[in-house]
Amino acid sequence: MKETDQLIFSEDKDNYLPVFNRYKIVLDHGNGVYAWDNNGKKYIDFLGGIAVNVLGHNYQPLVQAVAEQAGKLIHCSNLYYTQPQADAASKLVKLSGLGKAFFGNSGAEANEGAIKIARKYAHSINSEKSQIITAWDSFHGRTIATLTATGQPHYHEGVGPLPEGFDYVHYNDIDELESMMSDKTAAVMLETIQGEGGVHTPDGDYLKKVRELCDKYQALLIFDEIQAGIGRTGKFFAYEKYGVKPDIVTLAKGLAGGVPIGAFIVTDEVAKAFKPGDHGTTFGGNPLACAAANVVLDTVPKADFLQQVEEVGSYFKGKLEALMKKYPALIKDVRGTGLILGAELSSPEHGRDIVNGCLAKGAIINCTAGKVLRFIPPLIITKAQVDEVMNILDEVVSQYA
Ligand SMILES: *Cc1c(COP(=O)(O)O)cnc(C)c1O
């Protein structure tokens, strides 16, 4: 290990807020699905910066668009119009079939905006209509409102008082949802596929029934597609896969291929709730971020690109299922669709060891919710690259079987 690595570790320890349980490598550069550390060691990257680097590393059209835009205008505030923002908004509106888009800088900010406009809209119907229902095991962000929306009590500890009006239901339990809803429900907010909570997919017609309940109680349906959107399921929006349209959808992570961005998109009806001055942002949707988003929005929604995600995804899932058959005591479930896949371990004791074992052998993967190996790679991976990771994973997993 380079001496500079030790210096970076100690600088970090002395100066950076210790909120991350980091893996001890210093990444330096990347190309396609591969990344290299400071020592020149090569890794195959099946985490993609947590579902962010959808076009891989060093994707030339993205690099060029960012460089070109940086040389023209990085930022100018939202007091003025720019071509990249107008283009990105119209692409999102067209792709979603919804009415208006707004850009922020992160997933949490997108969800904050979605919650805020949903409340404002609901209050225009009835001043007591403010309940937001979310799911246990969800993840919606780290700001105070979005961590409250996140149905994982450990994120709520010690930071109260939390904002009022949030209730939680078990994902996929439609009866429980119905029992919680009333005319006071402003919105139901769900991840179309739960990511951080362990890759949980919706059963059969669950989301359709959620849509019906929302219509019954005049509540808005918000899909958080910050992780599952942007082509990851083989459809541009995951909700297309389930045949259900939300009133609001949120995006971030992969939307600009690695440049920070977030967005919420609403129907024209919901958009009426905000007037000039009701919401805003200094950085959000600046021309640099939107120039990057435009490359993603011109690439990922293409039929052959999405088809490839679907194909490689089902190949990958088949390989994970075969691994589960080989090590049934260690792996108890394989879930997901497209390129959001999870393999649940029987116990949490080996999760981090498996991730570290893969890292030592040159593969970047992730473990979430304590014991779910999660695969959210760049969307450009090939079957041969799936094999490359599966060979490493098999070797590592065999040590614990
Ligand atoms: C990552 C994530 C967020 C939060 O995004 P940040 O950019 O980290 O604020 C919210 N919802 C989902 C589903 C996510 O995966």
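Please read these numbers as outputs of a predicted model, since none were measured by experiment.

A.B. asks: For the site of the ligand, give the residues involved together with the corresponding values.
C.D. replies: All residues in the neighbourhood of the ligand are listed as S106, G107, A108, N111, F139, H140, G141, E191, D224, I226, Q227 and K253. Here a nitrogen atom of the ligand and a side-chain polar atom of D224 are 2.8 Å apart. The separation between an oxygen atom of the ligand and a polar side-chain atom of K253 is 2.6 Å. The fraction of the free accessible surface of the ligand (380 Å²) that becomes covered by protein chains is 81%. When residues in the shell around the ligand are grouped by element, the largest group, three residues, is from helix α5 (residues 107-125). Here the shell around the ligand is composed, by residue class, of three nonpolar, six polar and three charged.

A.B. asks: Go over the sheet that holds strand β14 (residues 366-368), please, and point to the residues and values.
C.D. replies: Whenever strands of a sheet pair, they do so through backbone hydrogen bonds, lying parallel or antiparallel. Here four strands make up an open sheet; going across it, the order is β11-β12-β15-β14 and the pairing antiparallel. This sheet does not close on itself; its edge strands, each paired only once, are β11 (331-337) and β14. Going from strand to strand, the sheet's axes swing by 25° on average, the running direction of each strand aside. Two strands pair when backbone bridges link them, and β14 and strand β15 (residues 372-375) are joined in this way by three bridges, in the antiparallel orientation. Across the sheet, T368 pairs through a bridge with V372, a residue of β15.

A.B. asks: So, the nonpolar core: which residues are in play, and what are the values?
C.D. replies: Ranked by internal contacts, the top residues of the largest apolar core, which has 95 residues, are V300, F316, I365, L373 and L393. In terms of domain composition, this core takes at least three residues from each of domain 1 (3-54 + 303-397) and domain 2 (62-299). Those residues in contact with L373, other than ones at most four positions away along the chain, are L341, G342, A343, L345, G351, I354, V355, I365, N366, C367 and L393. Membership of the second largest hydrophobic core comes to 22 residues, among which are L220, I222, I248 and V266.

A.B. asks: Let's hear about the pairing of β11: which residues, and what values?
C.D. replies: The two faces of the sheet receive side chains in turn, since in a regular strand these alternate between them. Of all seven residues in β11, five are buried; the element is thus mostly enclosed. Two strands pair when backbone bridges link them, and β11 and strand β12 (residues 340-345) are joined in this way by six bridges, in the antiparallel orientation. Across the sheet, the residue bridging to T337 is I340, located in β12. The loop that links β11 with its antiparallel partner β12 comprises two residues; one of these, G338, has a positive phi angle of about 55°.

A.B. asks: Can you explain the UniProt feature "binding site: N(2)-acetyl-L-ornithine" (unreviewed entry) in the protein? Please cite residues and give values.
C.D. replies: Summarizing the sequence annotation, UniProt attributes the feature "binding site: N(2)-acetyl-L-ornithine" (unreviewed entry) to R142 and T281 in the numbering used throughout. Lining the second largest pocket, from the set of annotated residues above, are T281. In this structure, R142 sits in the loop between β5 (131-135) and α6 (144-149). In contact with R142, not counting residues within four places along its chain, are A108, L147 and Y155.

A.B. asks: Outline the UniProt feature "modified residue: N6-(pyridoxal phosphate)lysine" (unreviewed entry) in the protein, supporting the account with residue identities and numerical values.
C.D. replies: Mapped onto this structure's residue numbering, the UniProt feature "modified residue: N6-(pyridoxal phosphate)lysine" (unreviewed entry) falls at K253. Mapped onto the elements of the fold, K253 is located in the loop between β9 (248-251) and β10 (262-266). A relative accessible area of 23% means that K253 is categorised as partly exposed. Setting aside anything within four residues of it in sequence, one finds K253 in contact with I50, A51, V52, I226, Q227 and I261.

A.B. asks: Any details on the domain arrangement of the protein? Residues and values, ideally.
C.D. replies: Size of an interface, as often reported, equals the accessible area lost when the parts are brought together. Domain parsing of the protein yields domain 1 (3-54 + 303-397) and domain 2 (62-299). Inter-centroid distance (C-alpha atoms) of domain 1 to domain 2 is 26 Å. With 24 residues of domain 1 at the contact, the number on the domain 2 side is 25 residues. Taken over both partners, the interface formed by domain 1 and domain 2 buries close to 1900 Å², and the fraction arising from carbon and sulfur atoms is 62%. Here domain 1 is connected to domain 2 by one salt bridge. Salt-bridge contacts for K241 lead to E310; the nearest nitrogen and oxygen are separated by 3.6 Å. Inspection of the domain 1/domain 2 interface yields nine residue pairs in polar contact (both at pLDDT 80 or more).

A.B. asks: With reference to specific residues and values, describe empty space enclosed by the protein.
C.D. replies: Throughout the structure, instances matching the rule amount to two cavities of 30 Å³ or more. Of the voids in this model, the largest cavity is the one considered here, and its volume is about 40 Å³. Class assignment for the residues of the lining of the largest cavity results in three nonpolar, nine polar and no charged. Of the volumes computed, that of the second largest cavity is approximately 30 Å³. Lining the second largest cavity are P202, D203, G204, D205, Y206, L207, K208, Y242 and V244. Split into classes, the residues belonging to the lining of the second largest cavity amount to five nonpolar, one polar and three charged.

What counts and what doesn't
- Residues numbered from 1 in each chain as written.
- Predicted model: local features only at pLDDT ≥ 70, side-chain atom pairs only at ≥ 80, totals over all residues.
- Heavy atoms only, no water.
- Near = heavy atom within 4 Å.
- Polar contact = N/O pair within 3.5 Å; in protein donor to acceptor, adjacent residues only side chain to side chain.
- Areas by Shrake-Rupley, 256 points an atom, 1.4 Å probe, with all protein chains shown as cover.
- Helix = DSSP H or I, 4+ residues; strand = E, 2+ residues; numbered from the N terminus.
- Nonpolar A, V, L, I, M, F, W, Y, C, P; charged D, E, K, R; others polar.
- Pairing = 2+ DSSP bridges.
- Axes fitted to C-alpha atoms, helices over the stretch in contact; angles between N-to-C directions.
- Core = buried A, V, L, I, M, F, W, Y, C linked by side-chain atoms within 4.5 Å.
- Buried < 20%, exposed > 50% of the residue type's maximum accessible area, 1.4 Å probe, protein only.
- Domains from an automatic or database assignment.
- Contact = heavy atoms within 4.5 Å.
- UniProt positions renumbered as here; feature names shortened; annotations may be inferred.
- 1 Å grid on protein atoms, 1.4 Å probe; cavity = no way out; pocket = protein on both sides within 12 Å on 5 of 7 lines; lining within 4 Å.
- Buried area = accessible area lost by both parts, 1.4 Å probe.
- Salt bridge = Lys/Arg side-chain N within 4 Å of Asp/Glu carboxyl O.
- Points joined across faces, edges and corners; volume = space filled by probe spheres on them.

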